[in-house]
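# Coordinates in review
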Amino acid sequence: MKKGIHPDNYRLVVFKDTSNDYTFMSRSCAPAKETIKWEDGNEYPLVKLEISHKSHPYYTGKIQYVDTAGRIDKFKNKYGKFQKNKK
């Protein structure tokens, strides 16, 4: 392994999946702005995730459908005023 290319500030960090409130602890050097009190009574840095192995369709086997039509309409409403008029 090459010397000097890996960070040396690894610490215990709690990761929280915001889609289902699943939390787990791991060693990481990810920056965190918040802290959380863990099961052992100590406070650890908290990193919030949008998806983890407990909510990802590949691991859970459940497919979540995204309302793409609604997203497209929302985009058109928001940015439609910037469209050039073609005459």
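What this report covers is the structure whose coordinates are included nearby. (Residues numbered from 1 in each chain as written. Predicted model: local features only at pLDDT ≥ 70, side-chain atom pairs only at ≥ 80, totals over all residues. Heavy atoms only, no water.)

## Topic: a nonpolar patch on the surface
Counted only if it meets this: Candidates for patches are residues over 30% relative accessible area with no salt bridge; among them, like charges are joined within 9 Å and nonpolar side chains (Val, Leu, Ile, Met, Phe, Trp, Tyr) within 5 Å. Residue burial considers only the protein chains on display, and all accessible areas are found by Shrake-Rupley using a 1.4 Å probe. When a carboxyl oxygen of Asp or Glu lies within 4 Å of a side-chain nitrogen of Lys or Arg, that pair is called a salt bridge. Strands here mean DSSP runs of E at least two residues long; helices mean DSSP runs of H or I at least four residues long; both are numbered from the N terminus. Categorising residues by exposure relies on relative accessible area from a 1.4 Å probe, with only protein chains included: less than 20% of the type maximum marks a residue as buried, more than 50% marks it as exposed, and the intermediate range marks it as partly exposed.
Taken together, Phe75, Tyr79 and Phe82 make up a surface patch of nonpolar side chains, about 370 Å² in accessible area. Residue placement: Tyr79 occurs in helix H2 (residues 68-79). Classification of Tyr79 as partly exposed rests on a relative accessible area of 39%.

## Regarding the side chain of Asp17
The condition that has to hold: Under the counting rule used here, the positive set is Lys and Arg, the negative set is Asp and Glu, and His together with the chain ends is not counted. Throughout, a residue-residue contact means that at least one pair of heavy atoms, one from each residue, lies within 4.5 Å.
On the secondary structure map, Asp17 appears in strand E1 (residues 11-17). It turns out Asp17 is buried and unbridged, and the closest side chain with the opposite charge, Lys54, is 9.5 Å from it. Ignoring anything within four residues of it in the chain, the contact list for Asp17 reads Tyr22, Leu49, Glu50, Ile51, Ser52 and Ser55.

## Things to note about the environment of Val14
Turning to its location among the elements, Val14 is positioned in strand E1. Judged by relative accessible area, which is 0%, Val14 ranks as buried. When the C-alpha atoms of Val14 and Ile36 are compared, they prove to be 7.6 Å apart, with 22 residues separating the residues in sequence. Leaving out residues up to four positions away in the same chain, Val14 has contacts with Thr23, Phe24, Met25, Ile36, Trp38, Tyr44, Pro45, Leu46 and Val47.

## A short note on the sheet that holds E1
What counts, and what does not: The pairing criterion for strands is at least two bridges between them, as found by DSSP. Lines fitted to C-alpha atoms define the axes here, with helix axes fitted over just the stretch in contact, and angles between the N-to-C directions of these axes take values from 0 to 180 degrees.
An order of E2-E1-E4-E3 is seen for the four strands of this open sheet, with the pairing classed as mixed. Where the open sheet ends on each side, the last strands, each with one partner, are strand E2 (22-28) and strand E3 (34-37). For this sheet, the mean angle separating the axes of adjacent strands, direction not counted, is 45°.

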